[in-house]
Amino acid sequence: MNVIQDFVQVGAANRPGYPMTSTFITVHNTGNSSKGADATGHAAYIKSTYAGTTSWHFSVDDHQAIQHIPTNENAWHAGDGTNGPGNRTSIGVEICENSDGNQAQAEANAIDLIIDLMKQFNIPLANVVPHKHWTGKECPHLILPRWDAFIAAITKRQQERDLAERLAKVPDWARGSVKKLLLNSVVDEPSGDLTFYRVIVVLDRLGLIA
Ligand SMILES: [Zn+2]
(Lines give C-alpha, C1' and ligand atoms only; values in the text may rest on other atoms or scores of the structure.)
Protein backbone atom coordinates (compact mmCIF):
# COMPACT_ATOMS: atom_id res chain seq x y z
CA MET A 1 0.00 0.00 0.00
CA ASN A 2 1.42 3.33 -1.05
CA VAL A 3 1.44 5.73 1.89
CA ILE A 4 1.80 9.49 1.67
CA GLN A 5 3.29 11.16 4.74
CA ASP A 6 1.70 14.45 5.71
CA PHE A 7 2.48 14.88 9.39
CA VAL A 8 0.69 16.96 11.96
CA GLN A 9 3.03 19.77 13.03
CA VAL A 10 5.39 19.00 15.94
CA GLY A 11 4.03 20.65 19.07
CA ALA A 12 0.39 20.64 17.93
CA ALA A 13 -2.16 19.76 20.62
CA ASN A 14 -2.90 16.46 18.87
CA ARG A 15 0.73 15.42 18.40
CA PRO A 16 1.71 14.48 21.97
CA GLY A 17 5.01 12.96 20.90
CA TYR A 18 5.30 10.23 23.52
CA PRO A 19 7.68 7.57 22.17
CA MET A 20 5.74 4.41 21.24
CA THR A 21 6.60 0.79 20.61
CA SER A 22 3.76 -0.43 18.41
CA THR A 23 2.34 -3.75 19.55
CA PHE A 24 -1.28 -3.33 18.46
CA ILE A 25 -3.19 -1.98 15.48
CA THR A 26 -6.53 -0.33 16.23
CA VAL A 27 -9.11 -0.18 13.45
CA HIS A 28 -11.61 2.68 13.25
CA ASN A 29 -14.24 4.06 10.92
CA THR A 30 -14.20 7.83 10.60
CA GLY A 31 -17.91 8.11 11.39
CA ASN A 32 -18.17 10.76 8.68
CA SER A 33 -20.11 9.79 5.57
CA SER A 34 -20.03 13.29 4.05
CA LYS A 35 -18.92 13.60 0.45
CA GLY A 36 -15.24 14.53 0.37
CA ALA A 37 -14.53 13.09 3.84
CA ASP A 38 -11.80 10.96 2.33
CA ALA A 39 -8.14 10.61 3.37
CA THR A 40 -7.28 14.03 1.95
CA GLY A 41 -10.22 15.57 3.79
CA HIS A 42 -9.11 13.96 7.05
CA ALA A 43 -5.51 15.05 6.51
CA ALA A 44 -6.73 18.65 6.32
CA TYR A 45 -8.97 18.17 9.37
CA ILE A 46 -6.31 16.61 11.60
CA LYS A 47 -3.90 19.46 10.85
CA SER A 48 -6.52 22.06 11.73
CA THR A 49 -7.47 23.29 15.18
CA TYR A 50 -10.92 21.65 14.69
CA ALA A 51 -9.29 18.31 15.56
CA GLY A 52 -8.53 19.52 19.08
CA THR A 53 -6.46 16.86 20.82
CA THR A 54 -7.74 14.02 18.63
CA SER A 55 -5.31 12.23 16.32
CA TRP A 56 -4.52 8.88 14.73
CA HIS A 57 -1.76 7.53 12.52
CA PHE A 58 -3.30 6.68 9.14
CA SER A 59 -6.40 7.58 7.12
CA VAL A 60 -7.25 5.17 4.32
CA ASP A 61 -9.79 5.64 1.55
CA ASP A 62 -10.50 3.92 -1.75
CA HIS A 63 -7.39 5.24 -3.49
CA GLN A 64 -4.72 6.11 -0.94
CA ALA A 65 -3.42 6.08 2.61
CA ILE A 66 -2.14 9.21 4.33
CA GLN A 67 0.01 9.04 7.46
CA HIS A 68 -0.46 11.87 9.97
CA ILE A 69 1.70 10.80 12.94
CA PRO A 70 5.00 8.81 12.88
CA THR A 71 4.54 5.21 14.04
CA ASN A 72 7.14 5.65 16.79
CA GLU A 73 4.97 8.31 18.43
CA ASN A 74 1.58 7.84 20.09
CA ALA A 75 -1.68 9.43 18.97
CA TRP A 76 -4.96 10.07 20.83
CA HIS A 77 -7.45 7.79 19.07
CA ALA A 78 -8.41 4.96 21.41
CA GLY A 79 -10.25 6.92 24.09
CA ASP A 80 -8.64 4.97 26.92
CA GLY A 81 -6.82 7.84 28.58
CA THR A 82 -3.35 9.34 28.78
CA ASN A 83 -1.71 6.08 29.81
CA GLY A 84 -4.15 3.65 28.17
CA PRO A 85 -2.63 0.83 26.13
CA GLY A 86 -4.84 1.74 23.16
CA ASN A 87 -3.48 5.27 23.06
CA ARG A 88 0.08 4.37 24.00
CA THR A 89 0.83 1.06 22.25
CA SER A 90 -1.40 0.94 19.19
CA ILE A 91 -1.26 2.34 15.69
CA GLY A 92 -4.58 3.99 14.82
CA VAL A 93 -5.97 3.28 11.35
CA GLU A 94 -9.07 5.22 10.31
CA ILE A 95 -11.03 3.79 7.39
CA CYS A 96 -12.95 6.48 5.53
CA GLU A 97 -16.65 6.07 4.84
CA ASN A 98 -17.33 9.08 2.62
CA SER A 99 -20.49 8.47 0.58
CA ASP A 100 -18.69 9.42 -2.65
CA GLY A 101 -16.11 6.66 -2.09
CA ASN A 102 -15.99 2.90 -2.63
CA GLN A 103 -16.29 1.32 0.82
CA ALA A 104 -15.15 -2.17 -0.19
CA GLN A 105 -12.03 -0.75 -1.84
CA ALA A 106 -11.25 1.43 1.19
CA GLU A 107 -11.41 -1.68 3.39
CA ALA A 108 -9.24 -3.65 0.95
CA ASN A 109 -6.66 -0.85 1.02
CA ALA A 110 -6.79 -0.78 4.83
CA ILE A 111 -6.19 -4.54 4.89
CA ASP A 112 -3.07 -4.11 2.74
CA LEU A 113 -1.82 -1.34 5.04
CA ILE A 114 -2.53 -3.44 8.14
CA ILE A 115 -0.57 -6.36 6.66
CA ASP A 116 2.36 -4.03 5.89
CA LEU A 117 2.31 -2.72 9.49
CA MET A 118 2.02 -6.24 10.97
CA LYS A 119 5.12 -7.21 9.01
CA GLN A 120 7.06 -4.06 9.83
CA PHE A 121 6.41 -4.23 13.59
CA ASN A 122 5.99 -7.99 13.96
CA ILE A 123 2.44 -7.55 15.24
CA PRO A 124 0.36 -10.76 15.42
CA LEU A 125 -3.13 -10.88 13.92
CA ALA A 126 -4.55 -11.33 17.44
CA ASN A 127 -3.34 -7.78 18.16
CA VAL A 128 -5.34 -6.25 15.30
CA VAL A 129 -8.32 -4.98 17.27
CA PRO A 130 -11.39 -2.79 16.82
CA HIS A 131 -11.55 0.52 18.69
CA LYS A 132 -14.33 -1.18 20.71
CA HIS A 133 -11.69 -3.45 22.25
CA TRP A 134 -10.30 -0.56 24.33
CA THR A 135 -13.39 1.34 25.45
CA GLY A 136 -16.52 -0.42 24.27
CA LYS A 137 -17.20 2.38 21.76
CA GLU A 138 -19.20 1.15 18.74
CA CYS A 139 -16.27 1.62 16.33
CA PRO A 140 -15.48 0.73 13.56
CA HIS A 141 -19.28 0.78 13.25
CA LEU A 142 -19.42 -0.46 9.63
CA ILE A 143 -17.11 -3.41 10.30
CA LEU A 144 -18.03 -4.53 13.83
CA PRO A 145 -21.10 -6.53 12.68
CA ARG A 146 -18.72 -8.62 10.52
CA TRP A 147 -15.47 -8.31 12.46
CA ASP A 148 -14.58 -12.01 12.14
CA ALA A 149 -14.98 -11.79 8.35
CA PHE A 150 -12.70 -8.73 8.32
CA ILE A 151 -10.00 -10.67 10.20
CA ALA A 152 -10.49 -13.65 7.86
CA ALA A 153 -10.07 -11.28 4.89
CA ILE A 154 -6.69 -10.19 6.33
CA THR A 155 -5.55 -13.82 6.48
CA LYS A 156 -6.77 -14.50 2.94
CA ARG A 157 -5.01 -11.41 1.58
CA GLN A 158 -1.80 -12.37 3.43
CA GLN A 159 -1.90 -15.76 1.72
CA GLU A 160 -2.48 -14.16 -1.69
CA ARG A 161 0.43 -11.78 -1.21
CA ASP A 162 2.66 -14.58 0.05
CA LEU A 163 1.84 -16.70 -3.01
CA ALA A 164 2.51 -13.78 -5.37
CA GLU A 165 5.84 -13.12 -3.64
CA ARG A 166 6.94 -16.73 -4.01
CA LEU A 167 5.79 -16.92 -7.65
CA ALA A 168 7.66 -13.73 -8.51
CA LYS A 169 10.89 -15.74 -8.17
CA VAL A 170 9.73 -18.32 -10.73
CA PRO A 171 10.44 -17.78 -14.47
CA ASP A 172 7.39 -16.63 -16.51
CA TRP A 173 7.22 -19.84 -18.53
CA ALA A 174 6.89 -22.01 -15.43
CA ARG A 175 4.76 -19.74 -13.25
CA GLY A 176 1.33 -21.17 -14.15
CA SER A 177 2.41 -24.74 -13.48
CA VAL A 178 4.29 -23.96 -10.27
CA LYS A 179 1.30 -21.95 -9.03
CA LYS A 180 -0.84 -25.10 -9.23
CA LEU A 181 1.68 -26.97 -7.10
CA LEU A 182 1.78 -24.21 -4.50
CA LEU A 183 -2.01 -23.92 -4.37
CA ASN A 184 -2.28 -27.67 -3.83
CA SER A 185 0.48 -27.50 -1.22
CA VAL A 186 2.43 -30.13 -3.14
CA VAL A 187 5.56 -28.03 -2.71
CA ASP A 188 6.15 -25.29 -0.14
CA GLU A 189 8.75 -23.25 -1.93
CA PRO A 190 9.79 -22.99 -5.57
CA SER A 191 13.26 -24.51 -5.59
CA GLY A 192 14.82 -22.09 -8.07
CA ASP A 193 16.15 -25.10 -9.97
CA LEU A 194 15.43 -24.75 -13.72
CA THR A 195 15.43 -28.51 -14.27
CA PHE A 196 12.75 -28.84 -11.61
CA TYR A 197 10.68 -26.15 -13.33
CA ARG A 198 11.06 -27.84 -16.75
CA VAL A 199 9.88 -31.16 -15.32
CA ILE A 200 6.91 -29.45 -13.68
CA VAL A 201 5.92 -27.73 -16.92
CA VAL A 202 6.15 -31.01 -18.86
CA LEU A 203 4.08 -32.85 -16.26
CA ASP A 204 1.53 -30.05 -16.35
CA ARG A 205 1.29 -30.19 -20.16
CA LEU A 206 0.73 -33.91 -19.92
CA GLY A 207 -2.21 -33.13 -17.70
CA LEU A 208 -0.61 -34.73 -14.67
CA ILE A 209 -0.92 -31.70 -12.39
CA ALA A 210 -4.37 -30.89 -11.12
ZN1 LIG B 1 -12.78 4.71 16.58
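Residues numbered from 1 in each chain as written. Predicted model: local features only at pLDDT ≥ 70, side-chain atom pairs only at ≥ 80, totals over all residues. Heavy atoms only, no water.

- The name an unreviewed UniProt entry gives the protein is N-acetylmuramoyl-L-alanine amidase, with Heliophilum fasciatum as the organism.
- As its UniProt record puts it under Catalytic activity (unreviewed entry), the protein is described as follows: "Hydrolyzes the link between N-acetylmuramoyl residues and L-amino acid residues in certain cell-wall glycopeptides." (UniProt positions renumbered as here; feature names shortened; annotations may be inferred.)

### Here's the deal with the overall build of the protein
Thinking step 1. Counting secondary structure elements, the protein contains seven helices and six strands.
Thinking step 2. Listed N to C, the secondary structure of the protein is β-β-α-β-β-α-β-α-β-α-α-α-α in terms of helices and strands.
Thinking step 3. When the backbone C-alpha atoms are referred to their principal axes, the protein occupies close to 65 × 35 × 30 Å.
Thinking step 4. Considering the protein as a whole, with its 210 residues, one finds that 45% of them fall into the buried category.
Thinking step 5. For the protein, contacts bridging at least 24 residues in sequence account for 66% of all contacts bridging at least 6.
Thinking step 6. Only carbon and sulfur atoms are counted for the fraction: they give 53% of the accessible area of the protein, which is about 10,600 Å².
Thinking step 7. Of the charged side chains in the protein, 18 are positive and 22 negative, and the gap between their average positions amounts to 4 Å. (Helix = DSSP H or I, 4+ residues; strand = E, 2+ residues; numbered from the N terminus. Buried < 20%, exposed > 50% of the residue type's maximum accessible area, 1.4 Å probe, protein only. Contact = heavy atoms within 4.5 Å. Areas by Shrake-Rupley, 256 points an atom, 1.4 Å probe, with all protein chains shown as cover. Lys, Arg positive; Asp, Glu negative; His and termini not counted. Charge placed at Lys NZ, Arg CZ, Asp CG, Glu CD.)

### Quick notes on the coordination of the zinc ion
Thinking step 1. For the zinc ion, the full set of protein donor atoms is His28 (ND1), His131 (ND1) and Cys139 (SG), at a range of 2.1 to 2.3 Å.
Thinking step 2. Within one chain, the residues donating to the zinc ion are spaced in sequence as H-x102-H-x7-C. Taken together, the residues histidine 28 in strand β2 (residues 24–29) and cysteine 139 in the loop between α4 (132–135) and α5 (147–167) connect sequence positions 111 residues apart.
Thinking step 3. Assessed through its relative accessible area of 5%, cysteine 139 is described here as buried. (Donors = N, O, S within 2.8 Å, 3.2 Å for Na, K, Ca; no water.)

### Points about a nonpolar patch on the surface
Thinking step 1. Taken together, the side chains of Val199, Val202, Leu203, Leu206 and Leu208 make up a nonpolar region of the molecular surface, amounting to roughly 460 Å² of accessible area.
Thinking step 2. In this fold, valine 202 is placed in helix α7 (residues 194–205). (Patch = residues over 30% accessible without salt bridge, like charges linked within 9 Å, V, L, I, M, F, W, Y side chains within 5 Å. Salt bridge = Lys/Arg side-chain N within 4 Å of Asp/Glu carboxyl O.)

### Overview of the packing of aromatic side chains
Thinking step 1. Applying the stated criterion across every chain yields a total of four aromatic pairs.
Thinking step 2. Taken together, a centroid distance of 5.1 Å and an interplanar angle of 75° make the contact between phenylalanine 24 and tryptophan 134 edge-to-face. Of this pair, phenylalanine 24 sits in strand β2 while tryptophan 134 sits in helix α4, and the two are 110 residues apart along the sequence.
Thinking step 3. By relative accessible area, which is 16% here, tryptophan 134 ends up buried.
Thinking step 4. The ring of tyrosine 18 carries the charged tip of arginine 88 above its face, separated from the ring centre by 3.9 Å. (Phe/Tyr/Trp six-rings, centres within 6.5 Å; stacked < 30°, edge-to-face > 60°. Lys NZ or Arg CZ within 6 Å of the ring centre and 35° of its normal.)

### Considering helix α6 (residues 172–183)
Thinking step 1. Between the first and last C-alpha of α6 there are 17 Å, a value that for twelve residues agrees with the 16 Å anticipated at 1.5 Å per step.
Thinking step 2. Restricting attention to buried positions, one finds in α6 the residues Ala174, Ser177, Val178, Leu181 and Leu182. Buried residues of α6, viewed axially, fall in a sector of 150°; they line one side. In α6, the exposed positions angled more than 90 degrees off the buried face are occupied by Asp172 and Leu183.
Thinking step 3. On the buried face of α6, the contacting elements are α5 and α7. (Expected span 1.5 Å × (residues − 1). Arc of directions from axis to C-beta.)

### Structural notes on the pattern of salt bridges
Thinking step 1. Tallying each qualifying case throughout the model produces 13 salt bridges.
Thinking step 2. Note that glutamate 160 and lysine 156 form a salt bridge whose closest N and O atoms lie 3.6 Å from each other. Residue glutamate 160 and its partner lysine 156 are located together in helix α5, separated by four residues, close to a single helical turn.
Thinking step 3. For glutamate 160, a relative accessible area of 38% gives the class partly exposed.
Thinking step 4. Accessibility expressed as a relative area gives 54% for lysine 156, which makes it exposed.
Thinking step 5. Salt-bridge contacts for arginine 157 lead to glutamate 160; the nearest nitrogen and oxygen are separated by 3.1 Å.

### Description of α5
Thinking step 1. A rise of 1.5 Å per residue sets the reference length of α5, with its 21 residues, at 30 Å; its end C-alpha atoms lie 31 Å apart and thus fit the reference within 8%.
Thinking step 2. Buried residues of α5: Trp147, Phe150, Ile151, Ile154, Arg161, Leu163, Arg166 and Leu167, and no others.

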